[in-house]
Structures are given as C-alpha cells and as structure tokens.
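Single-letter residue listing:
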Amino acid sequence: MLHDPAQLDLMFQALADPARRQMVDRLSRGPASVSQLAEPLAMSLSAVVQHLNLLEASGLVRTQKVGRVRTCQIEPMALRAAEHWINERRLAWERRLDRLGDFLAQNKDEN
C-alpha cells in the first residue's frame, strides 16, 4: 500500500472531508456501528454510508455486517502508510533546513 499512488490519493481524499475525519477520529477510540457514527453528524444515514464507503475504499476503515448491524473499525496499517508518506517529506525538509542552517553558520562572516 505504501507505494501505490492511487491508494494514497484515495486515502488523502478520504481524510480531506471534515465529516470523514470525525468518523476516523471516533473509530480511533474503538469500533462503532454506522448509527453510532451518524449520531453526532448533521446528515442523513445514507450520506454517512456514502462517506463510509469512501473510507472503506481508501483502506482506512473496515466494516463487518452481523445481522442488521454494520460495525466499523479503523485499519491501523492504512494510517501508518499515510503517516509514513508524510514523515518522508518532513524528514527531507528537516535535512534541507539543517543543511541551510549549517551553510549560513559557516558563511556568517562573509555577510
């Protein structure tokens, strides 16, 4: 999943929406039913299901239906993939800034 740009695009698209981030935040505390996820949101149950479908397609959320209840839970490995991608960029910028700081310190007397 780390090296699949399409999957990473889906993941960030899923996280771009505040309602979906709220669902992910709720699921980070433990599994929840669709109704429990819908409760604090000002939208219809069918809209919540559409959001969940995108979260599931992105790999961030897993769902399981038992009887009439669909239970959702977070997929930690998907979050790690997004975290890894962000950390790679952060580390690259930190290295660049460190090199700039070193360069400026070495050339301080020239200015």
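Summary of the structure given here. In this text the structure is predicted, and so the values were computed from the model without any measurement.

All right, on to the overall build of the protein chain then. When you go through the protein chain residue by residue, the secondary structure sums to 5 helices and 3 strands. Each helix and strand of the protein chain, placed in order from N terminus to C terminus, yields the pattern α-α-β-α-α-β-β-α. The C-alpha radius of gyration of the protein chain comes to 20 Å, more than 25% above the 13 Å expected for a compact globule of 111 residues. The principal-axis extent of the C-alpha atoms belonging to the protein chain is close to 75 × 30 × 20 Å. Across the 111 residues that make up the protein chain, the buried fraction comes to 31%. Within the protein chain, residue pairs in contact and separated by at least 24 positions form 53% of the contacts whose partners lie at least 6 positions apart. A total accessible area of about 7700 Å² is found for the protein chain, and carbon and sulfur atoms account for 53% of it. Taking the average place of the 15 positive charges on the side chains of the protein chain and the average place of its 14 negative ones, the gap between the two points comes to 9 Å.

With 14 residues, helix 4 (residues 45-58) extends 20 Å from end C-alpha to end C-alpha; this agrees with the ideal 20 Å at 1.5 Å per step. By the burial criterion, the buried members of helix 4 are Ala47, Val48, His51, Leu52, Leu54, Leu55 and Ser58. Down the axis of helix 4, the smallest arc covering the buried residues is 155°, so these residues share one side. Along helix 4, the residues that are exposed and aim more than 90 degrees away from the buried face are Ser46 and Gln50. Here the buried face of helix 4 lies against helix 1 (5-15), helix 2 (18-27), helix 3 (34-38), strand 2 (61-66) and strand 3 (69-74).

Bringing the nonpolar core into the picture now. Core analysis: the biggest nonpolar cluster contains 23 residues, and Leu52 and Leu55 have the highest contact counts within it. When near neighbours in sequence (up to four residues on either side) are disregarded, Leu55 contacts Ala14, Arg20, Met23, Val24, Leu60 and Val61.

About the criteria used
Once a new chain begins, its residue numbering starts again from 1 and follows that chain's sequence as written. Selection of residues for local features in this predicted model requires a pLDDT of at least 70, selection of side-chain atom pairs for listing and counting requires 80 or more, and totals for whole chains, interfaces and linings are taken over all residues. Hydrogens and water molecules were not included; the side-chain quantities draw on all heavy atoms of the structure. Here a strand is any run of E in DSSP of at least two residues, a helix any run of H or I of at least four, and the numbering for each starts at the N terminus. When we talk radius of gyration, it's over C-alpha atoms, and the globule rule is simply 2.2 Å times the number of residues to the 0.38. Buried residues are those whose accessible area, probed at 1.4 Å on protein chains only, stays under 20% of the maximum for their type, while exposed residues exceed 50% and partly exposed ones sit between those limits. Only heavy atoms enter the contact rule, under which two residues are in contact if any of them lie within 4.5 Å. Accessible surface is estimated by sampling points in the Shrake-Rupley manner with a 1.4 Å probe; for residues, cover comes only from the protein chains shown. Charged residues are defined narrowly, with Lys and Arg counted positive, Asp and Glu counted negative, and His plus the chain ends left uncounted. Think of each charge as sitting on NZ of Lys, CZ of Arg, CG of Asp or CD of Glu. By this rule, a helix spans an expected 1.5 Å times one less than how many residues it contains. An arc is given here, and it is the one of the directions from the helix axis to the C-beta atoms. We define the nonpolar core as a collection of buried residues of types Ala, Val, Leu, Ile, Met, Phe, Trp, Tyr and Cys that are connected through side-chain atoms lying within 4.5 Å of one another.

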